[in-house]
Amino acid sequence: MNSAQQLLRSQRDLLLKWTLDHPAPLLRWLRDAEVLSSAHYLSLLERSPSNAVAQALEMVCATEESSRKFLQVLREVQDYYGRDLQVWVERHCKDDHVSKPAPAPMKVEEKKPKGSIAKLFKGKSKGFTLTTEVKAKEELKPIRSAKLANIRVPISAHKTTLLKRTEQLKCYSEGEGAASNSASHIEIRYTDLFVTEDDDSVDSSQHEYFDLASRRARIYVHQACQRIRPCHLLGPQGTSGRPPKRVKVKGIAGIGKSVAVQRLVYEWAIGKNMREFTCIFDLRFRELNLIEAPLSLLELLGERFRYLKAALPDLFTSPSTLLFILDGLDEFKFTLDWSSPDKNTDVRTKVPVSELMVALIKGSLLPEASVILTTRPTTEAPKRFFQRCCMVLGFEEDQVKEYTTKFYKDREVAEKVYNYILNNDNLFVLSFIPLYCYIICTAMAEFFSPGYQDVGDSKSLELNPPRTVSEVYFCYLFTAVKHHALRGSAERGTPRSEVLSLAKQQLTNLGKLAYENLLQKKIMFSRADLESFGVTPADLQSTFLCHILQPLREETVEMFSFFHLTVQEHLAGLYCATNLSSEEDIIQALDFWCFGLPPPSSTAAPLQNTDLNTDKLESLQMFTRFFMGMLRARLAGQLDGLVLCPMERGVGIPARLGLWFQGQFKGRKLKNRAALNLLHCLMEFHTQEATSMAAPEIKNLNLFKMKLSVVDCAAMHYVLQFSPHTLQELNLGYSNIGNRGLNRLGPILHRCESLYLRYNCLDKQAAILESAVLKSNECQVKKLFMCGNNLGPEGVLELWNALEHNTTVEELYLDITGITERGTENIVACLSKNTSLKTLTIVGNDIGEVGRRRLRELEQRRSDLRIIANFVDDLGLLQAYLDWVEEIRADKDQMDSVKNADALQSVLKGLRVAGEQVEKGQNAEKAKELRANIEELLKSATDLIGGRQVM
């Protein structure tokens, strides 16, 4: 027999012919077999299929060893390709193992679908070749071999179809082919997400974006301790070691849920992940919306995956090998009744599609099958039906760099863009959300691509950097309009005003569509909807709209939506900014959007339709911020060419808006979320005149238990820097800002008389920052609450040093901050010289006998300093902790937090130590009550999580 090397060289043209139609499986398996390097593999994915296969064959033919590995890989992936290649493999790739019999030829005719459900999924199954399934590494059990033989061919067709559908990530505003500066193959572009196990607490009234930022903060040090990679969503959990059957993955829009699911499907289809499943069914709720008639699961899957229809009965005999991925529950228009009693439903029972989905999710239908459900946090899907609930938190800093590097084909451009993002805080704090990262990368490409500096009329990015969310979105929109909507009408150097003038009518019509439907919370549109607003789908679908074709009831029904809700909100904000021209109209609009006050009288188009559910005002917060940003752009002349009528002259819009914001902070009792939204609006408006008028009226800012992002901290810093006054109270307790958020607030912390930073995922670095604040000559801090942060001994040593010369701090609370005996080394030397500190609380820390002796020595030197080191020392403290435990008991979702249990254990340990010294009296009784309540709470937490220890 010829050597493998000779064989491949002689058969090269045939192998090329058989594999060039779909080289992805072959290339991926060659990489994993280390025949191709990762860099070479990724470069091949960017080539044409024929060129990629030819290059791979040329490489493997270089040595005998790589040629043999190629033949081994070919055995593994033969089922993705045609009958001719399979016969060739059986002939040339035999080894010591028994070769599997050559599959019998099978021809499947494409039949015209019948009925409304078939029409719905018409065209979804084309473009595949029926072949056999990928050879599994595990030995097949004899009892299943006959059934698997029947399903091998259709499963192979399924995998091939899924691969072709999932291997590209959609790009909505980029050029195509040679014109594109961005790589879109999922293997190149995809970046893993930060996913953690999560509670199910959410306020459904708020805007989806701010759910991530304002959920009640859970008490733990680092979410990384609960991190789950998307590919491990169905991995064993807890002490049981059993994989969950039902998994809920929630996250705000744009955080990457659907792309993560797409990657899971791709990995299974290519044979590299979740191989315990014989078949994966991926269903999108958006596609299920048009199913009106009752149907069975067998019918639904038979029409959605027609090539699997004959195999479904055999597949259902082993439901534990099936995985259903249900994507986008938040887009489902039908009501879901979670409380209805379970019906005797099987795969042949016809029920409304909403009941079918509920039965599948609850497990009353196919309980042994696995289900992954994705949804936004505001959509109800009760936690009790899931064994694992996860929250997608987007990117971390390293992943932002990875994504940016992968986004561009040109590595030099990628590096320039990442450095620009890194050095511009207002962009960097946005980039942890993958959607923002995508939009930023798309917008920045125009400025950093070769030849940009040669454009005559344009200003360089460095001279006019996008600083806010609105500016980034407008830059993205302008790029999209310039390259797509104008279809070559505008050259690279065409002035902005001319480009906008050419697209004026399109953007006006599109903006009106976006705004009026946003008030109604409508995100899906028919062709008639678009045409009623003067929008032509043929001109816009590839740029702004996600085009979805859904055949139904023998008719072709086209549905459209903006590719993301925030794009709809931005266009709505742009429309309002160009159609509100008087100071009075702008003030009436803000009163309406922010507080639900109907406009008394106005002829402006955006104020004519005021049919708005005032209970859902929070859903307009992002839109309002976009409006403020676009209003600033209009005032700066950046919307010239698009503006419909000139601004009225008078006192000046910035000054008038400054008075309006001033009035809100001064005269209105703002809820914490409303106050935060006004801060964001001021940051988007980014006008010193208005902000300088409003900021001095902010005397107290209470954002207690709002889960804040670094973007929120940036908004607080931007506004408060313009206030010359002391901030009486800044309460960020339980808001989970972390070190990055605190760093963003650093320049204003010295002006806060009472600073609440309890349970904020802070560590030693935060203690160092706060120490610098306390050392400042301008420090005005009187009360500092740092409880529940993992400052550790090194961090608290920095605080003692800072307090040695500080003359403002009167109360310092350091409960449960990880202080050890080492953390008390310099406490006597430093605090004995301090003259202002009157109260020091340090309970819940394991400082040891040496640490307690040092505290007694400090008390002797500073008789005016009250030190609370034991829980039984202070009745008020005991009552405060009793109230805290009751609060946790009432908020069961906090039980999922590891840090919660750690904090409670620290309190228990402190109570035990104190109990040895105090056995009688009112304090002792309160201490016993607190101890009993905590032990009961910890026990209930363990029971609630099904035996998984959270202690």
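Residues numbered from 1 in each chain as written. Predicted model: local features only at pLDDT ≥ 70, side-chain atom pairs only at ≥ 80, totals over all residues. Heavy atoms only, no water.

1. Description of the overall build of the protein chain
Here is the rule we go by: In this description a helix means any DSSP run of H or I spanning at least four residues, a strand means any run of E spanning at least two, and both kinds are numbered starting from the N terminus. Between buried and exposed lies partly exposed: a residue is buried under 20% and exposed over 50% of the maximum accessible area for its type, with that area taken using a 1.4 Å probe on protein chains only. The contact criterion used throughout is that any non-hydrogen atoms of two residues lie within 4.5 Å. Per-residue and other accessible areas follow the Shrake-Rupley method at a 1.4 Å probe size, with only the shown protein chains counted as cover for residues.
Across its full length, the protein chain holds 40 helices and 16 strands. The proportion of buried residues among the 951 residues of the protein chain is 60%. In the protein chain, once contacts between residues fewer than 6 apart in sequence are set aside, the share between residues at least 24 apart is 77%. Of the roughly 38,800 Å² of accessible surface on the protein chain, 48% is carried by carbon and sulfur atoms.

2. Examining the nonpolar core
The condition is simple: Residues belong to a common nonpolar core when they are buried Ala, Val, Leu, Ile, Met, Phe, Trp, Tyr or Cys residues joined through side-chain atoms within 4.5 Å.
By size, the foremost hydrophobic cluster in this structure holds 225 residues, and its most contacted members are Trp593 and Trp800. The leading source of residues in this core is helix H20 (residues 434–448), at twelve residues. Ignoring anything within four residues of it in the chain, the contact list for Trp800 reads Leu812, Leu814, Gly823, Thr824, Asn826, Ile827, Cys830, Leu831, Leu840 and Ile842. The next biggest cluster of nonpolar side chains, apart from the first, holds 46 residues, and it includes Ala157, Leu288, Leu295 and Leu326.

3. Focus on H20
Rules: A helix is expected to reach a length of 1.5 Å times the quantity of its residues less one.
Taking 1.5 Å as the rise per residue, H20 with 15 residues should run 21 Å; its terminal C-alpha atoms sit 20 Å apart, in good agreement. For H20, the buried fraction is high: 15 of the 15 residues fall into the buried class.

4. Re the packing of aromatic side chains
The following threshold applies: Centre distance within 6.5 Å is the pairing criterion for rings of Phe, Tyr and Trp, where only the six-membered ring of Trp is used; planes under 30 degrees apart are then read as stacked, over 60 as edge-to-face, and the remainder as tilted. Only when the NZ of Lys or the CZ of Arg is both within 6 Å of the ring centre and within 35 degrees of the ring normal is a charge said to sit over the ring.
On inspection of all chains with the given rule, the structure shows 26 aromatic pairs. Their ring planes at 40° and their centres at 5.7 Å tell us that Tyr515 and Phe623 sit as a pair that is tilted. You can see Tyr515 sitting in helix H23 (residues 504–519) and its partner Phe623 sitting in helix H28 (residues 621–635), a full 108 residues away along the chain. Among the residues examined, Phe623 registers a relative accessible area of 0% and is labelled buried. Connected via pairs of aromatic rings, a cluster forms that spans Phe395, Tyr403, Phe407, Tyr408, Tyr438 and Tyr476. The ring of Phe595 has Arg668 sitting right over it, with the charged end atom 3.7 Å from the ring centre. For the cation-ring pair, Lys705 lies above Tyr734, with the distance from its terminal atom to the ring centre recorded as 5.0 Å.

5. Brief notes about the sheet that holds strand S13 (residues 783–785)
As a reminder of what qualifies: Should DSSP find at least two bridges between two strands, the strands are taken to pair. Axes here refer to lines fitted to C-alpha atoms; in helices the fit is confined to the stretch in contact. Angles between the N-to-C directions go from 0 to 180 degrees.
Pairing is parallel in the open sheet, where seven strands are placed in the order S10-S11-S12-S13-S14-S15-S16. The sheet is open, and its two edges are formed by strand S10 (700–702) and strand S16 (866–868), each paired on a single side. Going from strand to strand, the sheet's axes swing by 5° on average, the running direction of each strand aside. The sheet contact formed by strand S12 (residues 752–756) and S13 spans three bridges and is parallel. Each residue of the ladder has a partner; that of Tyr756, found in S13, is Phe785.

6. Digging into the packing of helix H29 (residues 653–667) against helix H30 (residues 672–685)
Axis angle and axis distance: for two packed helices, these are the angle between their axes and the distance between the axes, and together they describe the pair. Keep this limit in mind: Angle categories: roughly parallel below 35 degrees, roughly antiparallel above 145, roughly perpendicular from 65 to 115, and oblique for all the rest. The hand of a helix crossing depends on one turn: near helix anticlockwise from the far one by less than a right angle means left-handed, and clockwise means right-handed. Here the term charged refers only to Asp, Glu, Lys and Arg, the term nonpolar to Ala, Val, Leu, Ile, Met, Phe, Trp, Tyr, Cys and Pro, and the term polar to all other amino acids, Gly among them.
For the pair H29 and H30, the least separation of the axes is 11 Å and the interaxial angle reads 165°. By the angle between their axes, H29 is roughly antiparallel relative to H30. Crossing of H29 against H30: the hand is left-handed. Packed against H29, whose contacting residues are Pro654, Leu657, Trp660, Phe661, Gln664 and Phe665, the element H30 presents Ala675, Leu678, Leu679, Cys681, Leu682 and Phe685 at the interface. Of the residues that constitute the contact of H29 with H30, the class distribution is eleven nonpolar, one polar and no charged.

7. What to know about the sheet that holds strand S4 (residues 322–327)
The strand order S1-S6-S2-S5-S4-S3 describes an open sheet built from six strands, whose pairing is mixed. Strand pairing shows two members of the sheet lacking a second neighbour, strand S1 (194–197) and strand S3 (279–284), which therefore form its edges. Strand after strand, the sheet turns through a mean of 20° between neighbouring axes, direction not considered. Across five bridges, strand S2 (residues 246–250) lies against strand S5 (residues 370–375) in parallel orientation. For Val249, the partnering residue across the bridge sits in S5 and is Thr374.

8. Quick look at unusual backbone geometry
Phi is positive for Tyr734, which is not a glycine, with a value near 60°. Among the secondary structure elements, Tyr734 is positioned in the loop between strand S11 (727–731) and helix H33 (738–745). Within the chain, Ile816 stands out as a residue other than glycine whose phi angle is a positive 50°. Topologically, Ile816 is positioned in the loop between strand S14 (811–813) and helix H36 (827–831).

9. Here's the deal with the pattern of salt bridges
As a reminder of what qualifies: Salt bridges are defined as contacts in which a side-chain nitrogen from Lys or Arg sits within 4 Å of a carboxyl oxygen from Asp or Glu.
A full pass over the atoms with the stated rule returns 36 salt bridges. Its salt-bridge partner being Arg28, residue Glu187 comes within 2.8 Å of it at the nearest N-O pair. Taken together, the residues Glu187 in helix H10 (residues 186–189) and Arg28 in helix H3 (residues 24–32) connect sequence positions 159 residues apart. The same class applies to Glu187 as to Arg28, namely buried. A salt bridge links Arg28 to Glu267; the shortest N-O distance between them is 2.8 Å. Here Glu267 lies in helix H12 (residues 257–269) and Arg28 lies in helix H3, a separation of 239 residues in the sequence.

10. Side note on the environment of Gly818
With respect to the helices and strands, the residue Gly818 is situated in the loop between S14 and H36. Residue classification places Gly818 among the partly exposed positions, given a relative accessible area of 34%. For the pair formed by Gly818 and Glu794, sequence separation is 24 residues and the distance between their alpha carbons is 9.8 Å. Those residues within four positions of Gly818 in sequence are excluded, and the remaining contacts are Asn790, Gly792, Pro793 and Asn845.

11. Structural notes on the environment of Leu757
As for its placement among the helices and strands, Leu757 is situated in the loop between S12 and helix H34 (764–775). Leu757 gets classed as buried once you look at its relative accessible area, which sits at 0%. For the pair Leu757 and Asn731, spaced 26 residues apart in sequence, the C-alpha separation works out to 6.9 Å. The residues contacting Leu757, other than those within four sequence positions of it, are Leu732, Ile737, Leu742, Leu762, Glu770, Leu784, Phe785, Met786, Cys787 and Asn789.

12. Considerations on the packing of H23 against helix H26 (residues 565–579)
Orientation of H23 relative to H26, taken along the N-to-C sense of each, is 110°, at an axis distance of 7 Å. Relative to H26, the element H23 lies roughly perpendicular. Viewed along their axes, H23 and H26 form a crossing whose handedness is left-handed. Contacts from Leu507, Thr508, Leu510, Gly511, Lys512, Ala514, Tyr515, Asn517 and Leu518 of H23 reach H26 at Leu565, Gln568, Glu569, Leu571, Ala572, Tyr575 and Cys576. Residue composition of the contact of H23 with H26, grouped by class: ten nonpolar, four polar and two charged.

13. Brief notes about the pairing of S2
By the criterion of burial, S2 is predominantly enclosed, with five of the five residues buried. The side-chain alternation of S2 yields two buried faces, one formed by Arg246, Lys248 and Lys250 and the other by Val247 and Val249. Two elements, S2 and strand S6 (residues 388–394), share four bridges in a ladder whose sense is parallel. Counted as the bridge partner of Lys250 is Met391 from S6.

14. Some points on the confidence of the model for the protein chain
Applicable threshold: For every residue, the predictor states its confidence as a pLDDT score lying anywhere from 0 to 100.
For the protein chain, per-residue confidence averages 80 on the pLDDT scale, and 79% of positions sit at 70 or higher. A low-confidence stretch, residues 172–181 stays under pLDDT 50, and its non-local contacts, those more than four residues away or across chains, total 28 contacts. For the stretch residues 200–225, pLDDT sits under 50, and the model shows 113 contacts to residues farther than four places along the chain or on other chains.

15. Observations concerning the environment of Asn801
So the rule is basically this: Contacts described as polar in this section are N or O atom pairs within 3.5 Å, which, within protein, must combine one atom able to donate a hydrogen with one able to accept it, while residues neighboring in sequence count only if both atoms come from side chains.
Locating Asn801 in the fold gives a position in helix H35 (residues 792–803). Sequence separation between Asn801 and Asn826 is 25 residues; the distance between their C-alpha atoms is 7.7 Å. Residues within four places of Asn801 in sequence aside, it is in contact with Asn826 and Cys830. A distance of 3.1 Å separates a polar atom in the side chain of Asn801 from a polar atom in the side chain of Asn826.

16. Structural notes on the side chain of Ser709
Tracing the backbone shows Ser709 in the loop between S10 and helix H32 (710–720). A distance of 3.2 Å separates a polar side-chain atom of Ser709 from the backbone nitrogen of Val711.

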